[in-house]
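Tertiary structure, described
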Amino acid sequence: MQWTLVVPVKPLARAKSRLSDTADGGVRPDLALAFAQDTVGAALACPAVADVAVVTDDARAGRELAALGARVVRDEPGGGLNAALAHGAAAVRAARPESPVAALNADLPALRPAELARVLAAAAQFPRAFLPDAAGIGTTLLAAAPGRELAPVFGTDSRARHRASGAVELRLGAVDSVRQDVDTGGDLRIALALGVGPRTAAVAARLLIAGQ
C-alpha cells in the first residue's frame, strides 16, 4: 500500500514563533522552511509513500518544496490547520480516490524514511489511526484508509481529540524521528541529537544554541 501524505505549511513569516528563544525573526522563516524541506525530502524517500501534497499559500515554501518533488495545493479555505488538511486530503482523493491518505507535520527535521514506513504499515491496519508526538500531547501523523475521511482535529491536546474522534492510537517503539516535532528550542536540541536533515543542519549551524 502506497500513501499520499498531506503536509501543511503555514506562511513562513508567521511560523515557529515559539522558537524566539533560540532564533530571531530573521532566521525563523529559514528554519521553518528547512524543517519542511527535510520532512518532505525524507517522506518522498520512504518506499511506502507514493507522493506528497503540500498545502500552503507561501510562495517561497511552495516553490522550494515543489522543487523536491512535492505537489503544491493552494490553501484555498484559509480556515486554519484542520481546514487546510481536509482541503488537501480532498484534492488528493479527487485525483486518487482509492489512495490511503495521511497528514504529516511539516516540522519533523529528523524524519527517517524507514521509521515513517513502520508507522504507515501499522496505520494501514485501521480505518483511521494517529501517532502522538514525543511530548505525548499532540499528534504528528493522522492516517485514513481508502474511502475513509481524514477528519483532522489538530490543535491543543490533539492526542486526546484524535482518540476521542475514533482514530486508533499507534503505540510503536523506535520511531522517535516521526514523533519529534519542533516547536521550541528544547525540541530543536533533541532533534539535532537524533540527527536532522541537511537543510536544518545548515540553518541550525547559524544559531548560537545554549548547551550545544
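Rules behind the numbers
Along each chain, residue indices are assigned from 1 in the same order as the chain's sequence is written. Thresholds applied to this predicted model are a pLDDT of at least 70 for local features of residues and 80 or more for the giving and counting of side-chain atom pairs; totals over whole chains, interfaces and linings are not thresholded and use all residues. The basis for every side-chain value is the complete set of heavy atoms in the structure, and neither hydrogens nor water enter the calculation. UniProt positions are given in the numbering used here, feature names are shortened, and annotations may be inferred rather than shown by experiment. Secondary structure follows DSSP: runs of H or I at least 4 residues long count as helices, runs of E at least 2 residues long count as strands, and numbering of each begins at the N terminus. A 1.4 Å probe rolled over the protein chains alone gives each residue an accessible area, and that area as a share of the maximum for its type sets the label: buried under 20%, exposed over 50%, partly exposed in between. We call two residues contacting when some pair of their heavy atoms lies within 4.5 Å.

Looking up the protein in an unreviewed UniProt entry gives the name Phosphoenolpyruvate guanylyltransferase, with the organism given as Streptomyces thinghirensis. Its UniProt record, at the heading Sequence similarities (unreviewed entry), says of the protein: "Belongs to the CofC family." Regarding the protein, the UniProt comment filed under Catalytic activity (unreviewed entry) reads as follows: "phosphoenolpyruvate + GTP + H(+) = enolpyruvoyl-2-diphospho-5'-guanosine + diphosphate".

Let us look at the UniProt feature "binding site: phosphoenolpyruvate" (unreviewed entry) in the protein. According to UniProt, the "binding site: phosphoenolpyruvate" (unreviewed entry) feature falls on T139, G155 and S158. Over a stretch of 20 residues, the named residues converge on one spot in the fold, their C-alpha atoms separated by at most 8.6 Å. In this structure, T139 sits in strand β6 (residues 139-144). Using a relative accessible area of 3% as the deciding quantity, one classes T139 as buried. Setting aside chain neighbours within four positions, we find T139 in contact with N105, F130, L131, P132, D133, F154, S158, R159 and H162. One can find S158 in helix α5 (residues 158-164). Given the relative accessible area of 2%, S158 is considered buried. Every residue in contact with S158, bar those within four places of it in the chain, is listed here: I137, G138, T139 and V153.

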